[in-house]
Amino acid sequence: MSASDDIDESAAPLIEHLAELRTRLIRSVLAFLVGIVLVFIVAEPILQYLLGPIEATLRDLGDPSPTLQYTSPQEYLFTLFRISMVFGFALAFPVIGFQLWRFVAPGLYKAEKGAFLPFLLASPLMFMLGASFAHLVVTPLAMQFFLGFADVSSIFANLLSGTVSDLPVDAAIVPETQDGVRITFFGKVNESLDITLKFIMAFGMCFQLPVLLTLMGKAGLVSGEGLANVRKYAVVAILVLAALVTPPDVITQGILFVVVYGLYEVSIFLVRRVENKREAKLRAEGFYDDEDELT
């Protein structure tokens, strides 16, 4: 057999892998496009749901009909398309994850398949849990913090009366002088949605911490003892993260810190459990000698 024949035989599997990768990518892209179309049909109700915290805050502050605006002709359409892309990907993720699994599974051993598949399933579940926590807990607190500086009821009292003289004494006028200007809230749709999506993405990614660290523990990249030893550095890193992804509100930052630090402690527990299972398996197979450990 000549050298050229060896090259041809080695190139054939590579070409087959590239062809399979192309097929998996095409199917994933098609699933993503179908998800975008399906979500776009119901994008407006989803937008209303995402803007629910700001609506509730405005109503609590006295706004009888909360209103957001857009300032360019294409802004509202692009906002709906943005929602369609984010939630379309979430809708298509089972198909995308399945295509990823079918591509990598033939190259994994049976034990590796059993280790990788649970994390592929746990990752979207943890992301959804973090996203739900962000939307139901964090975003309302953030809206109350940002909008709580002014009494919105004074705005609508002014709009209905058409005069400033009829405003209540505690009206939202900053500063409250005849030469001052009225500070009112006229929210934009895309900017209000942006802060909501940022919270969803940030908390969704933070809730991936146990999945990531446990997977790294299975691969032997981290250990439970090592994670415990750097706990004080993790506390500082979590505090910095809380200051970056939350508004300057101590309550919201405290909630994020408690949640992420709790996830870090859960990660240490899971990594140690993985290590104990690995050690028990190796001991059962005779790779550990109790007499050697005592010496």
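Shown above is the structure to which this text applies.
The present account deals with the structure reproduced in this document. In this numbering scheme, every chain counts its residues from 1 along its sequence in written order. With pLDDT at 70 or above as the cut-off, local features in this predicted model cover only qualifying residues; side-chain atom pairs require 80 or more to be listed or tallied, and sums for whole chains, interfaces and linings still use all residues. With hydrogens and water set aside, each side-chain value is computed from the structure's full complement of heavy atoms.

**Brief notes about the layout of surface pockets**
Whether a set of points on the 1 Å grid over the protein atoms alone is a cavity depends on a 1.4 Å probe fitting there but being unable to get out, while an open set qualifies as a pocket with protein on both sides within 12 Å along at least five of seven lines; lining residues are those with an atom within 4 Å of a point. Grid points are joined across faces, edges and corners, and a volume is the space filled by probe spheres set on the points. Roughly 800 Å³ of internal volume is contained in the largest pocket. Along the wall of the largest pocket there are 27 residues; nearest its centre are A90, S123, P124, F127 and M128. Mapped onto the lining of the largest pocket, the elements with two or more residues apiece are α2 (43–50), α4 (75–104), α5 (110–147), α7 (189–206) and α8 (209–218). Counting from the N terminus, the helices are the DSSP runs of H or I reaching at least four residues and the strands are the DSSP runs of E reaching at least two. No other element matches the 11 residues that α5 contributes to the lining of the largest pocket. Residue composition of the lining of the largest pocket, grouped by class: 23 nonpolar, 4 polar and no charged. Only Asp, Glu, Lys and Arg are considered charged, only Ala, Val, Leu, Ile, Met, Phe, Trp, Tyr, Cys and Pro nonpolar, and every remaining residue, Gly among them, polar.

**Some words on the packing of aromatic side chains**
To pair, rings of Phe, Tyr and Trp, with the six-membered ring standing in for Trp, must have centres within 6.5 Å; the planes then decide the type, stacked if under 30 degrees apart, edge-to-face if over 60, and tilted in the middle. In this structure the tally under the stated criterion is 6 aromatic pairs. Taking 5.7 Å as the distance between ring centres and 25 degrees as the angle between the ring planes, the aromatic pair formed by Y70 and Y76 counts as stacked. Think of it in three bands: with a 1.4 Å probe and only protein chains considered, a residue is buried below 20% of the maximum accessible area for its type, exposed above 50%, and partly exposed in between. On the basis of relative accessibility, which here comes to 44%, the residue Y70 falls in the partly exposed class. With centroids separated by 5.9 Å and ring planes inclined at 10 degrees, the aromatic side chains of F257 and Y261 adopt a geometry described as stacked. Residue F257 and its partner Y261 are both found in helix α11 (residues 250–284); the two are separated by 4 residues, about one turn of the helix. In this structure Y261 comes out as partly exposed when scored by relative accessible area, which is 23%.

**Observations concerning the nonpolar core**
Counting 17 residues, the largest nonpolar core has L47, L50, I54, I83 and L193 as the members making the most contacts within it. Should any heavy atoms of two residues lie within 4.5 Å, those residues are counted as being in contact. Those residues in contact with L193, other than ones at most four positions away along the chain, are L47, L50, L51, T79 and I83. Among the nonpolar cores identified, the runner-up in size contains 16 residues, and A134, F207, I238 and A242 belong to it. Side-chain atoms within 4.5 Å are what join buried Ala, Val, Leu, Ile, Met, Phe, Trp, Tyr and Cys residues into a set we call a nonpolar core.

**Here we look at the packing of α8 against α11**
Note on geometry: axes are lines fitted to C-alpha atoms, helical ones only across the stretch in contact, with angles between N-to-C directions running from 0 to 180 degrees. One way to put it is that α8 packs onto α11 with a least axis distance of 8 Å and a crossing angle of 25 degrees. Looking at the two axes, α8 sits roughly parallel to α11. In the crossing of α8 with α11, the sense of the turn from one axis to the other is right-handed. Each of L209, P210, L213, T214, G217 and K218 in α8 lies in contact with α11, whose residues at this interface are V260, L263, Y264, S267, L270, V271, V274 and R278. Class assignment for the residues of the contact of α8 with α11 results in 9 nonpolar, 3 polar and 2 charged. The scheme is simple: roughly parallel for angles under 35 degrees, roughly antiparallel for over 145, roughly perpendicular for 65 to 115, oblique for anything else. Take the far helix as your reference; a near helix turned counterclockwise from it by less than a right angle gives a left-handed crossing, and one turned clockwise gives a right-handed crossing.

**Observations concerning the packing of α4 against α7**
At a minimum axis distance of 10 Å, the contact between α4 and α7 shows a crossing angle of 20 degrees. The orientation of α4 with respect to α7, classified from their angle, is roughly parallel. Like other packed secondary-structure pairs, α4 and α7 cross with a definite hand, here left-handed. On the side of α4, the interface is formed by E75, T79, R82 and I83, while α7 contributes V189, N190, L193, D194 and L197. Classifying every residue of the contact of α4 with α7 by side-chain character gives 4 nonpolar, 2 polar and 3 charged.

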